[in-house]
Amino acid sequence: MNLKAPEQNLLAKLDAGVKLILAIVLSIIPFFCQKPSSFFVLVLFLGFLTILARVNLRTLRNSLLSYGIIVIFPYLFGFLVSWLSTRYSANALFVYEQGFSAMALRLFKLFLFWYVGTLYLHSTPLNSLVGVLDKCLYPLKKLGLPIADYLKVLMCVLETLKKSGSEVRKKFQEKKASLSGDHKSLFMLNIKGIAQTIVSFLVDSFQNLDQIQEDLSKIEAEDLYSYKLKVSKPEIMAIGCFLAINLGLYVIEAGHWL
Amino acid sequence: MNKNRRYAIITILVSNAILISLLESLIPIPIPVPGVKLGLANIITLIAIAFLSLKDVLLIVIIRCVVVALLTRGVMMLAFSLSGGLLSALGMFLIYRSMSKYFSIKGISVIGAILHNTAQLTIASLILGGLVVLYYLPVLLLSAVVTGFITGSISEVAISELRKKDFFKEQVKAEDIDEP
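None of these values were measured; they are calculated from a predicted model.

Participant: Teacher, can you tell me more about the overall build of chain B here?
Facilitator: Helices and strands together make up the secondary structure of chain B, namely seven helices and zero strands. Ordering the α and β elements of chain B from the N terminus gives α-α-α-α-α-α-α. Scored against the burial criterion, the 180 residues of chain B give a buried share of 55%. Restricting the contact set of chain B to residue pairs at least 6 apart, pairs at least 24 apart contribute 75%. Just so you have it, chain B exposes about 7000 Å², and 67% of that area is on carbon and sulfur atoms.

Shown next as structure tokens:
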């Protein structure tokens, strides 16, 4: 988990709303591409953005790892079971219609979709991000939902995590030895010890209840997050660059080049 | 209860759910299967189910999922965690309120874990556009029984400890005294 503000780079300075629209379009583009050259251009462009956003290797590894665990592993497992069942039972019920290459292409497109989202979140400060979320949830506000209050809670959670995250981890690590049960107990877990630790965390954190309540009543939503559309030179350049890439992809897909 | 007090309680519970889930790496998991987590955050959901309203429980789950997605930089993660979190919270709440005679906290937690994994895999199969990922469901369901039982056991002890202390009643009572 990363509570640090994104580094000051060209992508982080871009308007969060404009960047969101570009990110949404960019994440959908792979699903309209067919030619390998288009994917090559897209991957190059994303690589360029990765360097521009100064994404560290750890973020990349985590993104790849979670994608692998959540999407690729279950798929490969299912594909293997389906293939083995078909091979050994000869039952048509187990035949999986979609070819491996078609599915691999879909997995790759989904990865690009996933990666654009990671890049967007990595390069956008949290307060601007929540500000954009506030604007996006305007229809729900109109329906009478107290979105501003919910987002205030969200920002307070982030603040609480910043303040107490490392302290709680330290406390838990101190208790770790006592939390592992003896080797005879089920799964070597000390259920009662963990429960008591969690209760003591809860009781400790509830000591700040009055303070948090006071903060929530005093602080205005605008103090925690804000968003105002800003279109200046970097945004115009980003839109221009984005349109040029799209034009390039259109030319490739239409068969006019490569 | 004053709205800010309610939101303060929700803030604390969400923060604790996220912090507790960060601590999962420190606890050995009995099933080394990719994609299987203990789901310690579920303990806070169960505590919320035992003491708060459905609206608050769902709000806790939604805010937790959004915060985790923002911090782990995973947009697609949001779809997975929201679907699993909301379905399991709703299912556990309904069972706790209407069938708690027949199900212990452990049982409710196991059902919650099963609903959570089923919802996540259904979303995965929708995204992938194929049912082949559902072959992984038996593995996840089996692990849900184990992890649900563990988190349920921890929740059962935690809830009874909090009940003994009259903890949530105390928070509301304090508010009543503070109120003009």
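Participant: How should the packing of helix α9 (residues 191–206) of chain A against helix α6 (residues 137–164) of chain B be read in this particular structure?
Facilitator: Two packed helices can be described by the angle between their axes and the distance between those axes. Between α9(A) and α6(B), whose axes approach to 8 Å, the crossing angle comes to 50 degrees. When the axes of α9(A) and α6(B) are compared, the pair comes out oblique. For the crossing formed where α9(A) meets α6(B), the hand is right-handed. For the pair α9(A) and α6(B), contact is made by A:I191, A:K192, A:I194, A:A195, A:Q196, A:I198, A:V199 and A:L202 and by B:I150, B:S153, B:I154, B:V157, B:A158, B:E161 and B:L162, respectively. A per-class count over the contact of α9(A) with α6(B) returns 11 nonpolar, two polar and two charged.

Participant: Looking at this structure, I do not really get helix α1 (residues 3–22) of chain B. What am I missing?
Facilitator: Note: α-helices contain 3.6 residues per turn, so residues at a spacing of three or four share the same orientation. If you check α1(B), its first and last C-alpha atoms are 29 Å apart, about what 20 residues at 1.5 Å a residue would give, namely 28 Å. Most of α1(B) sits inside the fold, with 17 of its 20 residues counted as buried.

Participant: Would you mind showing me how to read the domain arrangement of chain A here?
Facilitator: A common way to express how large an interface is: the accessible area buried when the components associate. Residue and element names in this part refer to chain A. According to the domain assignment, chain A consists of domain 1 (1–124 + 233–258) and domain 2 (144–227). Tallying the contact residues gives five residues for domain 1 and four residues for domain 2. If you look at where domain 1 meets domain 2, you find zero salt bridges. Summed over the shared surface of domain 1 and domain 2, the result is two residue pairs in polar contact (both at pLDDT 80 or more). Split by residue class, the side of domain 1 that touches domain 2 holds three nonpolar, one polar and one charged.

Participant: Looking at this structure, I do not really get the interface of chain B and chain A. What am I missing?
Facilitator: Listed per partner, the contact involves 71 residues of chain B and 71 residues of chain A. Carbon and sulfur atoms supply 80% of the area buried between chain B and chain A, which totals about 6500 Å² over both sides. Between the two partners, chain B and chain A, sit two salt bridges. Put simply, B:K3 and A:D149 hold a salt bridge, and the shortest N to O gap is 3.1 Å. Where chain B meets chain A, there are six residue pairs in polar contact (both at pLDDT 80 or more). For the side of chain B that touches chain A, the secondary structure elements donating two or more residues are α1, α2 (41–51), α3 (54–71), α4 (75–98), α5 (105–128), α6 and α7 (167–178) of chain B. Ranked by the residues each element gives to the side of chain B that touches chain A, the list is headed by α1(B), at 17 residues. Among the residues forming the side of chain B that touches chain A, the class breakdown is 50 nonpolar, 13 polar and eight charged.

Participant: Teacher, can you tell me more about the layout of surface pockets here?
Facilitator: Taking a probe equal in size to a water molecule and rolling it over the atoms shows the remaining empty space. Of the voids in this model, the second largest pocket is the one considered here, and its volume is about 860 Å³. Taken together, the elements giving at least two residues each to the lining of the second largest pocket come down to α2 (16–28), α5 (100–122), α6 (126–136) and α8 (147–179) of chain A together with α3 and α4 of chain B. For the lining of the second largest pocket, the leading source of residues is α3(B), giving eight residues. Considered class by class, the residues forming the lining of the second largest pocket number 28 nonpolar, three polar and one charged. Each of two domains, domain 1 (1–124 + 233–258) and domain 2 (144–227) of chain A, supplies a minimum of three residues to the lining of the second largest pocket.

Participant: Looking at this model, I keep getting lost on the packing of aromatic side chains. Mind explaining?
Facilitator: The geometry of an aromatic ring pair is captured by the separation of the ring centres together with the interplanar angle, meaning the angle of the planes. All names here are of chain A. Counted under the stated rule, the structure contains nine aromatic pairs over all chains. An angle of 70 degrees between the planes, with centres 6.2 Å apart, marks the rings of F31 and F113 as edge-to-face. Placement of the pair is F31 in the loop between α2 and α3 (36–52) and F113 in helix α5, with a sequence separation of 82 residues. You can call F31 partly exposed: its relative accessible area is 31%. Relative to W114, the ring of Y67 lies with its centre 5.3 Å away and its plane at 70 degrees, an arrangement referred to as edge-to-face. Of this pair, Y67 sits in helix α4 (residues 57–89) while W114 sits in helix α5, and the two are 47 residues apart along the sequence. Side by side, Y67 and W114 carry an identical accessibility label, which is buried. Among the aromatic side chains, those forming a connected cluster through ring pairs are Y67, F111, W114 and Y115.

Participant: Would you take a moment to explain unusual backbone geometry for this structure?
Facilitator: Look at A:R54: it is not a glycine, yet its phi comes out positive at around 50 degrees. Relative to the helices and strands, A:R54 is located in the loop between α3 and α4.

Calculation notes
Residues numbered from 1 in each chain as written. Chains lettered and ligands numbered in written order. Predicted model: local features only at pLDDT ≥ 70, side-chain atom pairs only at ≥ 80, totals over all residues. Heavy atoms only, no water. Helix = DSSP H or I, 4+ residues; strand = E, 2+ residues; numbered from the N terminus. Buried < 20%, exposed > 50% of the residue type's maximum accessible area, 1.4 Å probe, protein only. Contact = heavy atoms within 4.5 Å. Areas by Shrake-Rupley, 256 points an atom, 1.4 Å probe, with all protein chains shown as cover. Axes fitted to C-alpha atoms, helices over the stretch in contact; angles between N-to-C directions. Parallel < 35°, antiparallel > 145°, perpendicular 65-115°, else oblique. Left-handed = near helix turned anticlockwise from the far one by under 90°. Nonpolar A, V, L, I, M, F, W, Y, C, P; charged D, E, K, R; others polar. Expected span 1.5 Å × (residues − 1). Domains from an automatic or database assignment. Salt bridge = Lys/Arg side-chain N within 4 Å of Asp/Glu carboxyl O. Polar contact = N/O pair within 3.5 Å; in protein donor to acceptor, adjacent residues only side chain to side chain. Buried area = accessible area lost by both parts, 1.4 Å probe. 1 Å grid on protein atoms, 1.4 Å probe; cavity = no way out; pocket = protein on both sides within 12 Å on 5 of 7 lines; lining within 4 Å. Points joined across faces, edges and corners; volume = space filled by probe spheres on them. Phe/Tyr/Trp six-rings, centres within 6.5 Å; stacked < 30°, edge-to-face > 60°.

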